[in-house]
Amino acid sequence: MSNAVRLPGVIDRGEAVQSHRFTLLFALAWAGGAVAYTPLLTILLPSQVSELAGSQLGVSWLAQIALAGAVAASLSNVLFGYLSDVTRNRRAWVAAGLVLSSLLLPQIGQARTLEGLILAVIGWQLGLNMMLGPLAAWAGDHVPDSAKGLLGGLMAFAPGGGALAGAIVTQPLLVPDDLRLWLVAALVVGCVLPVLLFAPIGRVPQAAADNQAGQSGVRLARRRAVMGMWFARLAVQVAEATLFAYLLFWLRTLNPAISENQTARLFSVIMVLSVPVALAAGRWSDRHDKPITPLAVSALVSAAGLLVMALTSDLGLAIAAYGLFGLASAVFLSLHSSQTLRILPRPGRRGRDLGLFNLTNTVPSLIMPWLAIALVPLFGFQALFLILALLGLAAALLLGTIARRD
């Protein structure tokens, strides 16, 4: 690579092609991360808990497992992201995390006690975040700001891929129950391995330019936006995490005959539909240099969906409202993930800072169980959804304030 002086943000044709190739490989690997946790946390683990503990005690078990897993994920994501900064080797940490998480995932299905499930989930979360923390920072090293919207749109494939994996592994007669998690692990390897084998080595010049900008006054100017983005994502993630964990339980309060596969297929359809919407919104934000506006709109739409879910007992309308919420929140989360890379004040510590931002993904799992335990047994899911709708509205207002400064 030439050592000639380059203007910040200027990328030649070859480097642009290299960046585009990495973006596609990263999107596939990011989808592999969703494949790793979506079938497990939305369908397979709740089903296993329900079988072992029953529907009433199962809510408590699931809350305790989610709490332990969230603590492990929070700490390990920061740790391994920071270690990938220090060693300046994202690839090795992603590879080690892929191996470890793939081996530990099937062990969750072997656990038969609450304690065994907690230990298995903690070990798996450590391996998974050893992979995901450095992987997220890797995108910041290679994707320029001018393509962050496209990156976010491509990241929307991840929830759809995870949901599709859930539908596949729960398809009756397709795979024996005791091999479901092994199939999930194999799918994850297939998604993540290409970026390990074919991603370019080293950083593109845009990353160096970003580092220079990060050392200037731009870093100080970004701090307010960072805090606003952090709290807005936290609000939306509390709602998303609640539905992620309790979707099957909630649907069965409306119709006890709802099956695992029906729930997985519903989730799959919503996530697949979110992909073209996120791509269109991401490309729009790139063209108009308005990275925050689509986030504010999608947060508002997700709040509206939650409000309808809280106010209806009709199964058809409830599913439609969940579809609206799921679509908007998926678009929000994918675009938010990519635009976070734009505003981080110290690109040289991307792994560590993204780990701190990842707390918006894991802290909700600490909050959500206590909300569910406190509200659902006494007031049902309706009261819970009303509170979540207020959180979504707060996120929309906060992001709207930031968007006016775009």
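For the structure itself, look to the data block above.
Residues numbered from 1 in each chain as written. Predicted model: local features only at pLDDT ≥ 70, side-chain atom pairs only at ≥ 80, totals over all residues. Heavy atoms only, no water.

Visitor: Explanation requested: the nonpolar core in the structure shown.
Guide: Soluble globular proteins tend to bury their nonpolar side chains together. Ile108, Val195, Leu243, Trp250 and Tyr322 are the most contacted members of the largest nonpolar core, which has 114 residues in total. The residues touching tryptophan 250, leaving out its near neighbours within four places in the chain, are Leu243, Met309, Ala318, Tyr322, Phe381 and Phe385. (Core = buried A, V, L, I, M, F, W, Y, C linked by side-chain atoms within 4.5 Å. Buried < 20%, exposed > 50% of the residue type's maximum accessible area, 1.4 Å probe, protein only. Contact = heavy atoms within 4.5 Å.)

Visitor: Help me understand the side chain of aspartate 353, please; the structure alone is not making it clear to me.
Guide: Looking at the secondary structure, you find aspartate 353 in helix α12 (residues 350–357). A distance of 2.9 Å separates a polar atom in the side chain of aspartate 353 from a polar atom in the side chain of arginine 352. Every residue in contact with aspartate 353, bar those within four places of it in the chain, is listed here: Leu344 and Arg346. (Helix = DSSP H or I, 4+ residues; strand = E, 2+ residues; numbered from the N terminus. Polar contact = N/O pair within 3.5 Å; in protein donor to acceptor, adjacent residues only side chain to side chain.)

Visitor: It is not clear to me how the pattern of salt bridges should be interpreted in this structure. Could you clarify?
Guide: When charged atoms on two side chains of opposite charge get close, those side chains can pair. In this structure the tally under the stated criterion is six salt bridges. The salt bridge partner of arginine 180 is aspartate 177, with a shortest N-O separation of 3.5 Å. Overall, the relative accessible area of 14% leaves arginine 180 in the buried class. Across the salt bridge formed by arginine 283 and aspartate 286, the nearest N and O atoms sit 3.5 Å from each other. Highlighted residues: arginine 283 and aspartate 286, both in helix α9 (residues 260–288), separated by three residues, approximately one helical turn. Judged by its relative accessible area of 16%, aspartate 286 falls in the buried class. Via salt bridges that share partners, Asp85, Arg90, Asp141 and Arg350 belong to a single interconnected network. (Salt bridge = Lys/Arg side-chain N within 4 Å of Asp/Glu carboxyl O.)

Visitor: Is there a simple way to explain helix α10 (residues 293–311) in this structure?
Guide: In an α-helix, one turn spans 3.6 residues; hence positions three or four apart end up facing the same way. Taking 1.5 Å as the rise per residue, α10 with 19 residues should run 27 Å; its terminal C-alpha atoms sit 28 Å apart, in good agreement. Along α10, the positions that sit buried rather than exposed are Pro294, Leu295, Ala296, Ser298, Ala299, Ser302, Ala303, Gly305, Leu306, Met309 and Ala310. (Expected span 1.5 Å × (residues − 1).)

Visitor: So what exactly am I meant to see when it comes to helix α6 (residues 180–198) here?
Guide: Taking 1.5 Å of rise per residue, the 19 residues of α6 would be expected to cover 27 Å, and the 29 Å separating its terminal C-alpha atoms lies within 8% of that figure. The sharpest bend along α6 reaches about 30° and sits at valine 192, with the proline proline 194 one to four residues further on. When α6 is considered as a whole, its buried residues turn out to be Arg180, Leu181, Val184, Ala185, Val188, Cys191, Val192, Pro194, Val195 and Leu196. (Bend = angle between axes of the 7 residues up to and from the residue.)

Visitor: How should I be thinking about the packing of α9 against helix α11 (residues 315–343) in this particular structure?
Guide: One way to put it is that α9 packs onto α11 with a least axis distance of 8 Å and a crossing angle of 45°. In this view, α9 runs oblique relative to α11, as classed from their interaxial angle. Judged by the sense of rotation from one axis to the other, the crossing of α9 with α11 is right-handed. Between α9 and α11, the contacting residues are Leu266, Phe267, Ile270, Met271, Leu273, Ser274, Val277, Ala278, Ala281, Gly282, Ser285 and Asp286 on the first element and Ile319, Tyr322, Gly323, Gly326, Leu327, Ala330, Val331, Ser334, Leu335, Gln339 and Arg342 on the second. Here the residues of the contact of α9 with α11 sort into 14 nonpolar, seven polar and two charged. (Axes fitted to C-alpha atoms, helices over the stretch in contact; angles between N-to-C directions. Parallel < 35°, antiparallel > 145°, perpendicular 65-115°, else oblique. Left-handed = near helix turned anticlockwise from the far one by under 90°. Nonpolar A, V, L, I, M, F, W, Y, C, P; charged D, E, K, R; others polar.)

Visitor: Explain the side chain of serine 74 here, please?
Guide: With respect to the element layout, serine 74 can be found in helix α1 (residues 13–87). Setting aside anything within four residues of it in sequence, one finds serine 74 in contact with Leu359, Thr362 and Val363.

Visitor: Would you mind showing me how to read unusual backbone geometry here?
Guide: As a rule of thumb, non-glycine residues mostly have phi less than zero, and peptide bonds are mostly trans rather than cis. The phi dihedral of arginine 88 is positive, around 55°, even though this residue is not glycine. With respect to the helices and strands, arginine 88 occurs in the loop between α1 and α2 (90–108). Judged by its relative accessible area of 59%, arginine 88 falls in the exposed class.

Visitor: How do you make sense of the packing of aromatic side chains when you look at a structure like this?
Guide: Think of a pair of aromatic rings as described by two things: how far the centres are apart, and how the planes are tilted against each other in angle. Considering all chains together, one arrives at nine aromatic pairs under this definition. Summarising the aromatic geometry, the rings of tryptophan 250 and tyrosine 322 are spaced 6.5 Å apart at their centres and angled 55° between planes, so their arrangement reads as tilted. Placement of the pair is tryptophan 250 in helix α8 (residues 218–254) and tyrosine 322 in helix α11, with a sequence separation of 72 residues. Each member of the pair, tryptophan 250 as well as tyrosine 322, is classed as buried. Their ring planes at 85° and their centres at 5.3 Å tell us that tryptophan 250 and phenylalanine 385 sit as a pair that is edge-to-face. A residue pair is termed long-range when its members are at least 10 positions apart, and tryptophan 250 in helix α8 and phenylalanine 385 in helix α14 (residues 381–403) qualify at 135 residues. Taken together through their ring pairs, the aromatic side chains of Trp250, Tyr322, Phe325, Phe381 and Phe385 make up a single cluster. (Phe/Tyr/Trp six-rings, centres within 6.5 Å; stacked < 30°, edge-to-face > 60°.)

Visitor: Sorry if this is basic, but what is going on with the environment of leucine 390 here?
Guide: You can see leucine 390 is positioned in helix α14. Taking the C-alpha atoms as reference, leucine 390 lies 9.9 Å from leucine 300; in sequence the two are 90 residues apart.

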